[in-house]
Structure formats: structure tokens, C-alpha cells
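# Fold and contact review
Each chain is listed here by its residues.
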Amino acid sequence: DDEEEEEEELDEQSVRDRDFRRTFALPATEMIISETPCYIKRIVKEHGRIYVSPNFVCFNARVFGKTTKVVMAAKDIVSAKVEGKDALSVKTKRKRWHFYEVRDPASLCDMITRLHDKSTRSTNKEFASAHSR
């Protein structure tokens, strides 16, 4: 029974990874490392999910029939920092995104920092100094 449950979980994860890649038009090598519900606020709160894969941080929401998709390449992230008790700010070369009601924003921030560091394979002083826990 345990083996069957494991196979079902693997299949479910494979389906989730496939759907994730399709939703964000990502390469076949991308898999979900972490995901959590949160929202961004523009005109209204757009509740959705933030996803982290080896090379991307993505957000997807659907509000009143309108879909919002954000795709940030880890190499384009300039800074990530926790704001308050449950918010996370992620700045790319072009824009800053604020995610609210994030579960464990410190862990997510650390994960994004590690992805950025791995993707650039260098010590980016600007990123390191902007990163706070």
C-alpha cells in the first residue's frame, strides 16, 4: 500500500510540475521546489500562489476572471527581504513585487536568496546588502 501511495504522490507531483511549466511557459527541466498561498495588492487583493523552482520565482492569481502571472528569473532578482511578520518583497531589475500573507516569509526569502546566488554563481554585493532577514 505504501508503494502505491508513493507512486500516486509522484504522479500527482509530476502533474503539478507539468501544469506549473505550462502555466508559466517554463522549460521542461523546471520543477516546483516550494509553493505557498499569498496575495499581491494592485487595485484589489489578488489572492494566488507563489511558486519557487530551480531558476524562477512565479506568482499566479485569478480574480474576477482576470489572470495575473508574474515570472521572475532568479538571475534577474536584485533583492529579497521580509517585510513585517508575513510579507515578502522581491525586487527584480525592472520591478518590485510585494507578496502578503506569506507563510514563513523568512524561509522563502532565504530560498530565493540561495536561488539567486546559485544562478549568478558570484558574490553580488548589491544583492547581499539588500537582503535582510
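Everything below is about the structure printed above this text.
Quick look at the structure, then. (Residues numbered from 1 in each chain as written. Predicted model: local features only at pLDDT ≥ 70, side-chain atom pairs only at ≥ 80, totals over all residues. Heavy atoms only, no water.)

Looking now at the environment of Val 57. Inspection of the secondary structure assignment puts Val 57 in strand 3 (residues 56-63). Judged by relative accessible area, Val 57 falls into the buried class, the value being 0%. Val 57 sits 15 residues away from Met 72 along the chain, and the two C-alpha atoms are 5.1 Å apart. Residues contacting Val 57, with those up to four places away along its chain left out, are Ile 50, Tyr 51, Val 70, Val 71, Met 72, Ile 77 and Ile 112. (Helix = DSSP H or I, 4+ residues; strand = E, 2+ residues; numbered from the N terminus. Buried < 20%, exposed > 50% of the residue type's maximum accessible area, 1.4 Å probe, protein only. Contact = heavy atoms within 4.5 Å.)

This paragraph deals with the pattern of salt bridges. Tallied over the full model, the rule gives six salt bridges. We note a salt bridge from Glu 35 to Arg 16, for which the minimum N-O separation is 1.7 Å. Placement of Glu 35 in strand 1 (residues 34-41) and of Arg 16 in helix 1 (residues 2-24) is noted, with a sequence separation of 19 residues between them. One salt bridge connects Asp 76 with Lys 75, and the closest N-O pair in it is separated by 3.7 Å. On the accessibility criterion, Asp 76 (26% relative accessible area) is partly exposed. (Salt bridge = Lys/Arg side-chain N within 4 Å of Asp/Glu carboxyl O.)

Successive side chains on a regular strand alternate, one facing one side of the sheet and the next facing the other. Of the strand pairs in this sheet, strand 3 and strand 4 (residues 66-73) are connected by eight bridges, and their pairing is antiparallel. The residue of strand 4 that forms the bridge with Phe 56 is Ala 73. Taking the residues between adjacent antiparallel strands as the criterion, strand 3 and strand 4 are bridged by two residues, where Phe 64 takes a positive phi near 50 degrees. (Pairing = 2+ DSSP bridges.)

Before going further, it helps to examine the nonpolar core. Phe 59, Met 72, Leu 88, Val 90, Phe 99, Leu 108 and Ile 112 are the most contacted members of the largest nonpolar core, which totals 23 residues. Residue assignment for this core shows that the elements contributing at least two residues are strand 1, strand 2 (45-52), strand 3, strand 4, strand 5 (77-83), strand 6 (87-92), strand 7 (96-99) and helix 2 (105-120). In terms of residue count, the dominant contributor to this core is helix 2 (five residues). Ignoring anything within four residues of it in the chain, the contact list for Val 90 reads Met 72, Ile 77, Ser 79, Ala 80, Lys 95, Arg 96, Trp 97, Phe 99 and Ile 112. (Core = buried A, V, L, I, M, F, W, Y, C linked by side-chain atoms within 4.5 Å.)

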